[in-house]
Amino acid sequence: MLDTLSIRTQRTTASRLSQLDPEHIEFGKIFADHMLVVDYRDGEWQEPQILPYGEMTVSPANSALHYGQAIFEGMKAYKNAEGEIALFRPLDNLHRLNASAERMCMPHVPEEVFMQGLAQLIRLDADWVPNAPGSALYIRPFMFATDGFIGVRPSESYRFVIFTCPVGLYYNKPLRVRFEQKYVRSAEGGAGFAKNAGNYGAAMYPTRLAQEEGYNQLIWTDASEHQYVEESGTMNAIFVLDGRLVTPALSTSILDGITRRSILQLARDWGMPVEERKVSIFELLEAHRAGKLEEAFGVGTAATIAPMATIGYQGEDFELPVAGPDAFSKRASAALHAIRIGEAPDEHRWMVRI
Ligand SMILES: *Cc1c(COP(=O)(O)O)cnc(C)c1O
């Protein structure tokens, strides 16, 4: 990628890279040395800067803290066998960030700032991109309101930041999940399609209740009838029903996951029927009874694919078949991995080398 933007960079004088044990990376605790910071004020984005990763000060009246004007993204950079680094579908993340921004009355981030900022930040911290199998550099772009004003109205100033952290192999222990029919993550017409901070805060309590009952995650259902699957935890939900890939159709209450899109594309490439439509609890339980619920899994950037082993419904647990090596979820996960580390042809041009 060509540098068209020269970003003022203040390098750290005390790299923390030696604190990283590449064999035992704990998710989300050790951050790479630098971060990109860009402020928005007076109706325009100011000059981007790369700074040592560190704390920032905000006004106590900061409207992100009070009213939740805050959005984020999650993506990954991968290293191939030659040590070259590539991002997976970064423009999709930018477009979604800007869709979230729109929903929350926040300014769009220009493509040049996002892409050049990412490329220059990650090149500077290239040694932080792990190359052990299954590892990657997790990238967290986010934006929040910075006005020190407690009136309720969209902020006039914002900060956009990108920081990164190395992540190891995500161990996909098959999940115990249950349908949630009381609490909702999001409703039609709400902001569930946006990656805004408040969606996560409000999901924590119902998730904790399920965890106290011995489940790992919830399968959220629709807000009006509590009959149709929305998502699983913070992942999109996909099912293999009688040889067909079935997933809830996108709506204003479902987040348009990039992993979801990629998995559906792979299935179509492989000639597998793909159905994006309403999926009811009843249909899934019926299919399970008939032995046709072959696989169920969540998909998202953190885990790629997280298979479900058990689905709970009104106090009863339904066990799913153990996914063998030929299972769709296993093949799709391996295919995505191979594309990401440059071991399989990138037919859809998903990877962007930096
Ligand atoms: C981020 C997210 C996903 C997964 O999106 P990816 O782009 O695949 O990482 C799914 N559901 C929710 C609610 C999310 O926030």
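Residues numbered from 1 in each chain as written. Predicted model: local features only at pLDDT ≥ 70, side-chain atom pairs only at ≥ 80, totals over all residues. Heavy atoms only, no water.

Colleague: So what's going on with the pattern of salt bridges? Residues and values would help.
Modeller: Applying the stated criterion across every chain yields a total of 21 salt bridges. Between Glu73 and Arg96 there is a salt bridge whose closest N-O contact spans 2.7 Å. One end of the pair, Glu73, is in the loop between strand S5 (70-72) and strand S6 (75-79); the other, Arg96, is in helix H2 (residues 90-103), and 23 residues separate them in sequence. Each member of the pair, Glu73 together with Arg96, is buried. Through salt bridges with shared partners, a single ionic network connects Arg89, Asp92, Asp256 and Arg261. (Salt bridge = Lys/Arg side-chain N within 4 Å of Asp/Glu carboxyl O. Helix = DSSP H or I, 4+ residues; strand = E, 2+ residues; numbered from the N terminus. Buried < 20%, exposed > 50% of the residue type's maximum accessible area, 1.4 Å probe, protein only.)

Colleague: For helix H6 (residues 281-289), give the residues involved together with the corresponding values.
Modeller: Because an α-helix completes one turn every 3.6 residues, residues spaced three or four positions apart along the sequence face the same direction. Considered for burial, the residues of H6 that qualify are Ile281, Leu284, Leu285 and Ala287. Projected onto a plane normal to the axis of H6, the buried residues spread over an arc of 160° and lie on a single side. Exposed side chains of H6 directed beyond 90 degrees from the buried face belong to Phe282 and Arg289. Gly291 sits one or two residues past H6 and shows a positive phi near 75°. (Arc of directions from axis to C-beta.)

Colleague: Which residues make up the UniProt feature "modified residue: N6-(pyridoxal phosphate)lysine" (unreviewed entry) in the chain, and what values go with them?
Modeller: Here, the residues flagged by UniProt with the feature "modified residue: N6-(pyridoxal phosphate)lysine" (unreviewed entry) are Lys195. Tracing the sequence through the fold places Lys195 in the loop between strand S10 (175-180) and helix H4 (197-212). (UniProt positions renumbered as here; feature names shortened; annotations may be inferred.)

Colleague: How would you sum up the site of the ligand? Please name residues and give values.
Modeller: Near the ligand, the surroundings consist of 14 residues, among which Lys195, Tyr200, Glu231, Thr259 and Thr301 are the closest. One of the side-chain nitrogen or oxygen atoms of Arg96 is found 2.8 Å away from an oxygen atom of the ligand. Here an oxygen atom of the ligand and a side-chain polar atom of Tyr200 are 2.3 Å apart. Expressed as a share of its isolated accessible area of 380 Å², the protein-covered part of the ligand is 96%. Of the pockets mapped on this structure, the ligand occupies the largest pocket. (Near = heavy atom within 4 Å. Polar contact = N/O pair within 3.5 Å; in protein donor to acceptor, adjacent residues only side chain to side chain. Areas by Shrake-Rupley, 256 points an atom, 1.4 Å probe, with all protein chains shown as cover. 1 Å grid on protein atoms, 1.4 Å probe; cavity = no way out; pocket = protein on both sides within 12 Å on 5 of 7 lines; lining within 4 Å. Sits in = over half its atoms within 2 Å of the grid points.)

Colleague: Give me the nonpolar core: which residues, what numbers.
Modeller: Counting residues in each nonpolar core, the largest one holds 76 residues, and the members touching the most others are Ile122, Phe160 and Leu245. Of the residues forming this core, the biggest block, eight residues, is contributed by strand S8 (residues 136-145). When residues are assigned to domains, this core turns out to be shared by domain 1 (8-169) and domain 2 (175-340), each giving three or more. Filtering out sequence-adjacent residues up to four positions away, Ile122 remains in contact with Ala77, Ile85, Leu87, Val129, Leu137, Ile139, Thr164 and Ile354. (Core = buried A, V, L, I, M, F, W, Y, C linked by side-chain atoms within 4.5 Å. Domains from an automatic or database assignment. Contact = heavy atoms within 4.5 Å.)

Colleague: Give me the packing of aromatic side chains: which residues, what numbers.
Modeller: Aromatic rings considered in pairs are described by the distance between their centres and by the relative angle of their planes. In this structure the tally under the stated criterion is 16 aromatic pairs. When the ring of Phe31 is compared with that of Tyr53, the centres are 4.9 Å apart and the planes differ by 15°; the resulting orientation is stacked. Note that Phe31 is positioned in the loop between strand S1 (8-9) and strand S2 (34-41) and Tyr53 in the loop between strand S4 (49-52) and helix H1 (63-67), a separation of 22 residues in sequence. On the accessibility criterion, Phe31 (18% relative accessible area) is buried. Tyr53 gets classed as partly exposed once you look at its relative accessible area, which sits at 29%. Members of the aromatic cluster, connected to one another through ring pairs, are Phe31, Tyr53, Phe142, Phe144 and Phe163. Over the aromatic face of Tyr228 sits the side chain of Lys278, whose NZ or CZ is 4.8 Å from the ring centroid. (Phe/Tyr/Trp six-rings, centres within 6.5 Å; stacked < 30°, edge-to-face > 60°. Lys NZ or Arg CZ within 6 Å of the ring centre and 35° of its normal.)

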